[in-house]
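Chains, contacts and geometry: an overview
Spelled out, the chains give:
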Amino acid sequence: MKESDRSCDEPPGALQDVGNMPAAGPDGQETPIMSACSSGSLVGSEAEKAERQLLRLHRAEQHQPSAKASPLAADFARLLDTVDAEAVPRIRAELDSGLIFRQDGSAADLRGIVYELLSQYDRDRVLARIRATCRSPSSEKPGLVVLSDVDDTLLPGKDVLQMAGSDRSWVLDGRLYPGVTRLHAELRS
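Residues numbered from 1 in each chain as written. Predicted model: local features only at pLDDT ≥ 70, side-chain atom pairs only at ≥ 80, totals over all residues. Heavy atoms only, no water.

1. A look at the pattern of salt bridges
By the definition in use, this model includes 8 salt bridges. Arginine 102 is paired through a salt bridge with glutamate 61; the nearest N and O atoms lie 2.6 Å apart. Here arginine 102 is found in the loop between helix 3 (87-97) and helix 4 (110-117), whereas its partner glutamate 61 is found in the loop between helix 1 (44-60) and helix 2 (71-82), with 41 residues between them in sequence. For arginine 92, the salt bridge identified is with aspartate 96, shortest N-O distance 4.0 Å. Linking arginine 92 with aspartate 96, this pair stays in helix 3, spanning 4 residues, or about one helical turn. Overall, the relative accessible area of 34% leaves arginine 92 in the partly exposed class. Relative accessible area serves as the criterion here: at 47%, aspartate 96 is assigned to the partly exposed category. Connected through shared salt-bridge partners, Asp81, Asp122 and Arg125 make up one network. (Salt bridge = Lys/Arg side-chain N within 4 Å of Asp/Glu carboxyl O. Helix = DSSP H or I, 4+ residues; strand = E, 2+ residues; numbered from the N terminus. Buried < 20%, exposed > 50% of the residue type's maximum accessible area, 1.4 Å probe, protein only.)

2. Topic: the environment of leucine 95
Tracing the backbone through its elements, the reader meets leucine 95 in helix 3. For the pair formed by leucine 95 and isoleucine 113, sequence separation is 18 residues and the distance between their alpha carbons is 9.2 Å. When residues no more than four places from it in sequence are discounted, the contact partners of leucine 95 are Leu54, Leu55, His58, Phe76, Ala108, Asp109, Leu110 and Ile113. (Contact = heavy atoms within 4.5 Å.)

3. A look at the side chain of aspartate 81
Mapped onto the secondary structure, aspartate 81 falls in helix 2. A polar contact is formed between the side chain of aspartate 81 and the side chain of arginine 125, at a distance of 2.6 Å. (Polar contact = N/O pair within 3.5 Å; in protein donor to acceptor, adjacent residues only side chain to side chain.)

4. Comments concerning the nonpolar core
Judged by nonpolar contacts, the single largest core of 21 residues is most densely connected at Leu54, Phe76, Leu80, Ile91, Leu95 and Val126. Counting residues per element, the ones that place at least two in this core are helix 1, helix 2, helix 3, helix 4 and helix 5 (120-133). Among the elements that make up this core, the one with the highest residue count is helix 2 (5 residues). Residue contacts for leucine 54: discarding those within four places in its chain leaves Leu72, Phe76, Leu79, Leu80, Ile91 and Leu95. Counting residues in hydrophobic clusters, the runner-up holds 7 residues, among them Leu99, Phe101, Leu155 and Tyr177. (Core = buried A, V, L, I, M, F, W, Y, C linked by side-chain atoms within 4.5 Å.)

Structure follows, in structure tokens:
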């Protein structure tokens, strides 16, 4: 049986195993990691609100001057713990492919948030939650990974020497070229 087919009435198993997680958070308080089958599941509306808030904060990153003091990073681990298990793969996909760039050109993607902005404790929480809720891709169905240059491909490059690119046909405020997000979404589907 696949982990995704398990019922939450079944005894704890691989979905509950979160690895070498610390028993307490930085403040000394215990912070349980919610898994797909954790007891005391949240009311759907609370989990849905957390998912909407997380995605809203992600979209708002495009208005942030830089990653410093990111509201998304401040609440990311807590919100991800709050959403339903089924929402984690959706959130992961959105953050991996949402093509959100801050005003300084830095990407607000999952890797950057987890490895550059979160504390070690929150990083461990987030990675454990992802590991517990996201299935590995099937080896029977090959996948597609879209790799793309950024400068003059997703958005105009902007540097004084124009080494990053020289296209000036579009605004230089960090917005993506029209249709780029749709193109990447179509390639992924």
